[in-house]
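In case you want the letters, here they are:
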Amino acid sequence: STQSTGVSNLVGVLMHVVNTIERVTDASTSTNIQEIGGVEGDDDGGLSGSLLVSLTRPFGFIQTEPSSGVVVQNLSLLHPDGSRRVLIRNISFEVGTVSSHSVLLMGKSGCGKSTLLRAIGGLLPETLAPAEGCDGCARVSGPPAGCAPGHMMFLPQRPLLLPIGATVFDQVCYPLSPEVADMPFVTALLQTLELNMLVVNVDAQRDWEWRSVLSSGEQQRVAICRALFHRPHILVMDESTSALDEESEHIAMSLLTGRIGIDEFADRLQSPIHLLSVAHRSTVKPFHTTTLHISRDGDVMQIDARDE
């Protein structure tokens, strides 16, 4: 029945949250998590979501200190199977700092891009190691424990959607209560992202299996609407626009980076969002200040936007 399906979905979400918390705890990181969902690629029954996280303690011997952004310096990424095989050699970048705003990671499937995001988020800390010859100068830094909720937000390829009975407000405001939102602002976001089917009765409960009703592209636009509502300082995007057509992707990325706005809500969209993205399509490159190309051999080539 519809009711039993909804209960089953909710239990699945709760179990996934518990499992993810256990994984973070076992990794011995001191991590401030405001929202937990899945990470694309996990065997989670299709449940994936947004991870808002602050890194506050070292990953073993790797030096780390609080930072307003994410700083990765002289690190290598090891394969998570425990083989110590190097996926990415000697990678360095900054996101959301004075030195750098937005970084795009590109490369063939399987080269370690998404694994790197998980490692930075504290889910796979054992996969990070100092690059060869950099034992004393390797570090990963993240936002401090006392930073504002939502300082850093993770959008996977398959976003978390709340189960049957959720309102559009619930989906956009998650994990906050929908009481914090105002209808005109949420409606304007939905309209700008061309989610017109959701604009009517945004505060009404929907007797929907959301994943069945919404296409993959619509699900991704709901997640982007959520990111625009929360406006984190750093937004980590793992193929978060892969299901969008180029025009819809351009609108979404332009909103996230402040290239276009919504006139009546200009003050709500002023604070910058710094992107750390994984993507295969070159259409997102213009929205990043730096692109890091990762080869099959694990070598990293950096290209700054001004050089292209």
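Residues numbered from 1 in each chain as written. Predicted model: local features only at pLDDT ≥ 70, side-chain atom pairs only at ≥ 80, totals over all residues. Heavy atoms only, no water.

J.: Where do I start with the pairing of strand β9 (residues 234-238) in this structure?
T.: For a regular strand, side-chain orientation follows a simple rule: the groups alternate between the two sheet faces. In terms of burial, β9 is largely enclosed, as five of its five residues are buried. Across four bridges, the pairing between strand β8 (residues 152-155) and β9 is parallel. Bridged to F154 within β9 is V236. Here β9 pairs with strand β10 (residues 274-278) via five bridges, running parallel. (Buried < 20%, exposed > 50% of the residue type's maximum accessible area, 1.4 Å probe, protein only. Helix = DSSP H or I, 4+ residues; strand = E, 2+ residues; numbered from the N terminus. Pairing = 2+ DSSP bridges.)

J.: Please clarify how empty space enclosed by the protein should be interpreted in this entry.
T.: Gaps between atoms show up when a probe of the same size as a water molecule is rolled over them. Evaluation of the coordinates by the stated rule reveals two cavities of 30 Å³ or more. Its boundaries defined by the atoms lining it, the second largest cavity holds a volume of some 50 Å³. Lining the second largest cavity are M237, E239, S240, T241, M253, S277, V278, A279, V284 and H288. Here the lining of the second largest cavity is composed, by residue class, of five nonpolar, four polar and one charged. (1 Å grid on protein atoms, 1.4 Å probe; cavity = no way out; pocket = protein on both sides within 12 Å on 5 of 7 lines; lining within 4 Å. Points joined across faces, edges and corners; volume = space filled by probe spheres on them. Nonpolar A, V, L, I, M, F, W, Y, C, P; charged D, E, K, R; others polar.)

J.: When you look at the packing of helix α4 (residues 183-192) against helix α6 (residues 216-230) in this model, what are you seeing that I'm missing?
T.: What describes two packed helices is the angle between their axes and the distance between those same axes. Across the interface, α4 lies against α6 with an axial gap of 10 Å and an inter-helix angle of 140°. When the axes of α4 and α6 are compared, the pair comes out oblique. For α4 against α6, the interelement crossing comes out right-handed. Across from F185, L189 and L190 in α4, the residues of α6 making contact are C225, L228 and F229. In the contact of α4 with α6, the residues fall into six nonpolar, no polar and no charged. (Axes fitted to C-alpha atoms, helices over the stretch in contact; angles between N-to-C directions. Parallel < 35°, antiparallel > 145°, perpendicular 65-115°, else oblique. Left-handed = near helix turned anticlockwise from the far one by under 90°. Contact = heavy atoms within 4.5 Å.)

J.: Is there a simple way to think about the pattern of salt bridges in this case?
T.: If the charged atoms of two oppositely charged side chains come close together, the side chains can form a pair. Per the counting criterion, the structure on display carries three salt bridges. Between R268 and D182 there is a salt bridge, with its nearest N and O atoms 2.9 Å apart. One end of the pair, R268, is in the loop between α7 (246-256) and β10; the other, D182, is in the loop between α3 (168-173) and α4, with 86 residues separating them in the sequence. Residue classification places D182 among the partly exposed positions, given a relative accessible area of 26%. (Salt bridge = Lys/Arg side-chain N within 4 Å of Asp/Glu carboxyl O.)

J.: Help me understand the side chain of Q220 in this model?
T.: The residue Q220 is located in helix α6 in this model. Q220 sits in the buried class, given a relative accessible area of 3%. In terms of polar contacts, Q220 uses its side chain to reach the backbone carbonyl oxygen of Q157, at 3.0 Å. (Polar contact = N/O pair within 3.5 Å; in protein donor to acceptor, adjacent residues only side chain to side chain.)

J.: When you look at the layout of surface pockets in this model, what are you seeing that I'm missing?
T.: When its volume is computed, the largest pocket comes out at roughly 320 Å³. Lining the largest pocket we find 19 residues, and of these S109, G110, G112, K113 and S114 sit closest to its centre. When residues in the lining of the largest pocket are grouped by element, the largest group, four residues, is from helix α2 (residues 113-120). Looking at the lining of the largest pocket residue by residue, the class counts come to four nonpolar, eight polar and seven charged.

J.: Please clarify how the pairing of strand β5 (residues 103-107) should be interpreted in this entry.
T.: Buried residues dominate β5, accounting for five of its five residues. Alternating residues of β5 divide into V103, L105 and G107 and L104 and M106, and every residue in both groups is buried. Looking at chain direction, β5 and β10 are connected through three bridges and run parallel. Bridged to V103 within β10 is L276.

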